[in-house]
Amino acid sequence: LDPSFTWSDSIHGSGAAAAEHFYLWVEDCEQDRIYHVEKVAITRKARNATQNLVILVPVFDPPSQQYAIRVLSSKWHGGDSYSELSLREMVLPGKLIPHTQLLDLRPLPRTALRHEKFESLYRFSHFNPIQTQVFHTLYHKAGNVLVGAPTGSGKTVLAELAMLRCFRESPGLKVV
């Protein structure tokens, strides 16, 4: 956002709190919707600086042809700006599968840990289907994993598997 007016202390103010306020909004004229509204202040101190704004708006499939960006002064008539953001050449990413399907695997026995002390931590004989599917990644590989599963599905045991891998491979380290 680049201010395109000349600051005058007698009109706009000269104190530390002197500022001109503008409303910025992003609208989809085809769908008759406003997706973002924000009040922006241009202070006396920052009057000659460009303000970088980050605005997140939804884009639908198929996308509208363009979005309109409007900036309107809160107190000056005619102190507004209008720009069009073309979406014609935009390429949307492919559709993502919302989750990984649970595979029909034979449940892994607790002995898959291959460590007597680790095995003694658990009273169950086999890992559940979610734990079985994620076991190799958490217990044998170092890396980031995101597990989203319902309450009571064994996510705590999954976190423990990752910690056990760390304890096994680096006995002197701590897991935080």
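For the structure, see preceding data.
Residues numbered from 1 in each chain as written. Predicted model: local features only at pLDDT ≥ 70, side-chain atom pairs only at ≥ 80, totals over all residues. Heavy atoms only, no water.

**Points about the overall build of the protein chain**
Of regular secondary structure, the protein chain possesses four helices and four strands. By the compact-globule yardstick of 16 Å for 176 residues, the protein chain is too spread out, its C-alpha radius of gyration being 28 Å. Each principal axis of the C-alpha distribution contributes one length, and for the protein chain these read about 80 × 40 × 25 Å. When each of the 176 residues of the protein chain is scored for burial, the buried share is 23%. Entry remark: accessible area of the protein chain is about 13100 Å², with carbon and sulfur atoms responsible for 54%. In the protein chain, 19 side chains carry a positive charge and 17 a negative one; their mean positions are 13 Å apart. (Helix = DSSP H or I, 4+ residues; strand = E, 2+ residues; numbered from the N terminus. Rg over C-alpha atoms; globule rule 2.2 N^0.38 Å. Buried < 20%, exposed > 50% of the residue type's maximum accessible area, 1.4 Å probe, protein only. Areas by Shrake-Rupley, 256 points an atom, 1.4 Å probe, with all protein chains shown as cover. Lys, Arg positive; Asp, Glu negative; His and termini not counted. Charge placed at Lys NZ, Arg CZ, Asp CG, Glu CD.)

**Describing the packing of aromatic side chains**
Overall, the coordinates contain nine aromatic pairs when judged by the stated rule. Judged by centre distance (5.4 Å) and plane angle (45 degrees), the rings of Phe-127 and Phe-135 are tilted. Just as Phe-127 is buried, Phe-135 falls in that class too. These aromatic residues form a ring-pair network of at least three members: Tyr-122, Phe-124, Phe-127, Phe-135 and Tyr-139. Of note, Arg-168 hangs over the ring of Tyr-139, and the distance from its end group to the ring centre comes to 4.3 Å. (Phe/Tyr/Trp six-rings, centres within 6.5 Å; stacked < 30°, edge-to-face > 60°. Lys NZ or Arg CZ within 6 Å of the ring centre and 35° of its normal.)

**Quick word on the environment of Ala-19**
With respect to the helices and strands, Ala-19 occurs in strand β1 (residues 19–28). Separated by 27 residues in the primary sequence, Ala-19 and Ala-46 have C-alpha atoms spaced 9.2 Å apart. Not counting the four nearest positions on each side in its chain, Ala-19 is found in contact with Trp-7, His-12, Ala-41, Ile-42 and Thr-43. (Contact = heavy atoms within 4.5 Å.)

**A closer look at helix α4 (residues 155–169)**
Its 15 residues give α4 an end-to-end C-alpha distance of 22 Å, which sits within 8% of 21 Å, the value for a rise of 1.5 Å per residue. Within α4 the residues assigned to the buried category are Val-157, Leu-158, Leu-161, Leu-164 and Arg-165. All buried residues of α4 lie within an arc of 110 degrees about the axis, which places them on one face of the element. Buried-residue contacts for α4 involve α2 (116–119) and α3 (129–140). (Expected span 1.5 Å × (residues − 1). Arc of directions from axis to C-beta.)

**Some points on the sheet that holds strand β4 (residues 80–86)**
Taken in spatial order, the four strands of this open sheet run β2-β1-β3-β4, and their pairing is antiparallel. Across the chains shown, the open sheet's two edge strands, defined by having one partner strand only, are β2 (33–43) and β4. Taking the axes of each pair of neighbouring strands and ignoring which way they run, one obtains an average angle of 15 degrees across the sheet. Strand direction decides the pairing type here: strand β3 (residues 66–73) and β4, joined by seven bridges, are antiparallel. Looking across to β4, one finds that Leu-72 is bridged to Asp-80. (Pairing = 2+ DSSP bridges. Axes fitted to C-alpha atoms, helices over the stretch in contact; angles between N-to-C directions.)

**A few points about the nonpolar core**
Residues Leu-113, Phe-127, Phe-135, Tyr-139, Leu-161 and Leu-164 are the most contacted members of the largest nonpolar core, which totals 13 residues. Elements with a minimum of two residues in this core: α3 and α4. Among the nonpolar cores identified, the runner-up in size contains five residues, and Phe-22, Val-40, Ile-42 and Val-71 belong to it. (Core = buried A, V, L, I, M, F, W, Y, C linked by side-chain atoms within 4.5 Å.)

**Some thoughts on the pattern of salt bridges**
Summed over the entire model, instances satisfying the criterion amount to five salt bridges. What emerges from the salt-bridge pattern is a single network uniting Arg-165, Arg-168 and Glu-169. (Salt bridge = Lys/Arg side-chain N within 4 Å of Asp/Glu carboxyl O.)

**Digging into α3**
Its twelve residues give α3 an end-to-end C-alpha distance of 18 Å, which sits within 8% of 16 Å, the value for a rise of 1.5 Å per residue. Turning to α3, its buried residues number three or more, namely Gln-131, Thr-132, Val-134, Phe-135, Leu-138 and Tyr-139. Packed against the buried residues of α3 are α2 and α4. The backbone nitrogen of Ile-130 lies 3.0 Å from a side-chain oxygen of the residue at the head of α3, namely Asn-128. (Polar contact = N/O pair within 3.5 Å; in protein donor to acceptor, adjacent residues only side chain to side chain.)

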